[in-house]
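Topology and contacts: notes
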Amino acid sequence: MTLTGSSEWTFALLILIGTVLSPMPTSADEAPNMDAIWGGTLIDSNGWLPPSGSENNFSGSPSTGPEDPYIYEARYACADGDSVIFPECATVVPACSTGGGPVGEPGTAIYWYQALRAIAPPDWMFSSGPTCFYDEKPRDLLAEIAELIAHEFQRTPVAPATMGSQPGPHTLRGEETNVWAEASTQIFPISMLGQDVTITAVPVAYTWDYGDGTVWGPTPVHGAPLHADRIGEQTQTSHVYTATGRLAITLTTHFNGTYTVNGGPQLPIPGQGNIPTAPLALTVWRAETNLYAENCFQNPDGVGC
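What you see is a predicted model; the values in this text were computed from it and never measured.

**Brief notes about the overall build of the chain**
- Within the chain one finds three helices and twelve strands.
- For the chain, buried positions account for 41% of its 305 residues.
- Across the chain, contacts joining residues at least 24 apart in sequence account for 69% of those joining residues at least 6 apart.
- Just so you have it, the chain exposes about 16200 Å², and 54% of that area is on carbon and sulfur atoms.

**A short note on the sheet that holds strand β4 (residues 162-166)**
- Strand order across the open sheet formed by three strands is β4-β6-β10, with antiparallel pairing between neighbours. Pairing within the sheet leaves two strands with one partner each, and these edge strands are β4 and β10 (239-240).
- Bridge count between strand β6 (residues 176-182) and β10: two bridges; the pairing is antiparallel. Counted as the bridge partner of glutamate 176 is valine 240 from β10.

**A word on the confidence of the model for the chain**
- For the chain, mean pLDDT is 75; residues scoring 70 or higher make up 70% of the total.
- Contacts of residues 1-61 to residues separated by more than four positions or lying in other chains number 185 contacts, the stretch itself having pLDDT below 50.

**Considering the pairing of strand β11 (residues 245-261)**
- As paired elements, strand β8 (residues 195-209) and β11 share twelve bridges and run antiparallel to each other. In the strand pairing of β11, threonine 200 is matched with threonine 258.
- Bridge count for β11 against strand β12 (residues 267-285) is 13 bridges, and the pairing is antiparallel. Its bridge partner lying in β12, isoleucine 249 is registered against leucine 280.
- Here β11 hands over to β12 after five residues, with asparagine 262 in that stretch at a positive phi of 55°.

**Considering the packing of aromatic side chains**
- The full count for this structure, using the stated rule, is two aromatic pairs.
- When the ring of tyrosine 111 is compared with that of phenylalanine 126, the centres are 5.7 Å apart and the planes differ by 75°; the resulting orientation is edge-to-face. Of the two residues, tyrosine 111 sits in strand β2 (residues 107-116) while phenylalanine 126 sits in strand β3 (residues 125-134), which places them 15 residues apart along the sequence.
- Overall, phenylalanine 126 belongs to the partly exposed group, its relative accessible area being 34%.
- Relative to phenylalanine 126, the ring of tyrosine 113 lies with its centre 5.8 Å away and its plane at 85°, an arrangement referred to as edge-to-face. Note that tyrosine 113 is positioned in strand β2 and phenylalanine 126 in strand β3, a separation of 13 residues in sequence.
- Through a chain of ring-to-ring contacts, the aromatic side chains of Tyr111, Tyr113 and Phe126 assemble into a single cluster.

**Let's talk about the side chain of asparagine 178**
- Following the sequence through the fold, asparagine 178 ends up in strand β6.
- For asparagine 178, the side chain forms a polar contact with the main-chain oxygen of alanine 224, separated by 3.0 Å.
- The residues touching asparagine 178, leaving out its near neighbours within four places in the chain, are Gly164, Ser165, Gln166, Ala224, Pro225, Leu226, Thr235, Thr237 and Ser238.

**Describing the environment of glutamine 236**
- With respect to the helices and strands, glutamine 236 occurs in the loop between β9 (215-219) and β10.
- In sequence terms glutamine 236 and valine 221 are 15 residues apart; their C-alpha atoms lie 7.4 Å from each other.
- Setting aside anything within four residues of it in sequence, one finds glutamine 236 in contact with Trp216 and Val221.

**Some remarks on helix α3 (residues 141-155)**
- With 15 residues, α3 extends 20 Å from end C-alpha to end C-alpha; this agrees with the ideal 21 Å at 1.5 Å per step.
- At isoleucine 149, α3 shows its largest kink, close to 45°.
- Contact partners of the buried residues in α3: β7 (186-192), β8, β11 and β12.

The rules we used
Residues numbered from 1 in each chain as written. Predicted model: local features only at pLDDT ≥ 70, side-chain atom pairs only at ≥ 80, totals over all residues. Heavy atoms only, no water. Helix = DSSP H or I, 4+ residues; strand = E, 2+ residues; numbered from the N terminus. Buried < 20%, exposed > 50% of the residue type's maximum accessible area, 1.4 Å probe, protein only. Contact = heavy atoms within 4.5 Å. Areas by Shrake-Rupley, 256 points an atom, 1.4 Å probe, with all protein chains shown as cover. Pairing = 2+ DSSP bridges. pLDDT = per-residue confidence, 0-100. Phe/Tyr/Trp six-rings, centres within 6.5 Å; stacked < 30°, edge-to-face > 60°. Polar contact = N/O pair within 3.5 Å; in protein donor to acceptor, adjacent residues only side chain to side chain. Expected span 1.5 Å × (residues − 1). Bend = angle between axes of the 7 residues up to and from the residue.

Encoded structure:
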């Protein structure tokens, strides 16, 4: 594509994301300073759409979805005088002119402008840039990442919650045994298809298996340890065992995931990560009460002494 005409001609890029996540944000091929949109670098797309009646200009919207209050327009950048106003041009122009595109083709430097969607005619304001656009229709990496991200989330080494009990490791039949879990939000920077992707795992629910056939959850309640003088009180996560024996308490923590691409907006990951905690051993004892008539000081050999 050869861009000709005055500096008032505009073009833009529309990302076709697919149906995996809807709605999905869109962006330009490369956006080193898309602070109002993505704030990241190289985001490829295969969705070039020319406006009606034009063969050389391209128009679209890099908005974050239908709720975005702004519309966007791309304008030629790095023209005479721009290097004074926007020093970044000195860096972007060589990259555009020497073929920095996905297949080595030369690009065109542009600025992004934005205007409130509800105002007509648009009152354009500078948004971000300069950045490079390229002719070649590269892979739609955002859509590919969206298709792969759920599988990648399941492979992420999310640390399980820790678990405790009071009393423990021994408790009494018929008494309240308090259990609790401690889990944290975890962040994992990874690379997918050459893009900087950050996965965030957030604990949102817990499923308790008390080891005697009683299961509770998923519940957002994770419990908490009690002060020593309150052990034995009923809590939201406590349990009363009706039989003695050795058993194990198990816990599964359910994590929701989000991800960003090149510092862009947080996007949800389908499904949940279900992370088990190592079983907590517990022995349930019974307590017996006996009454004795003798004083052990008087008869040290008496029953119960």
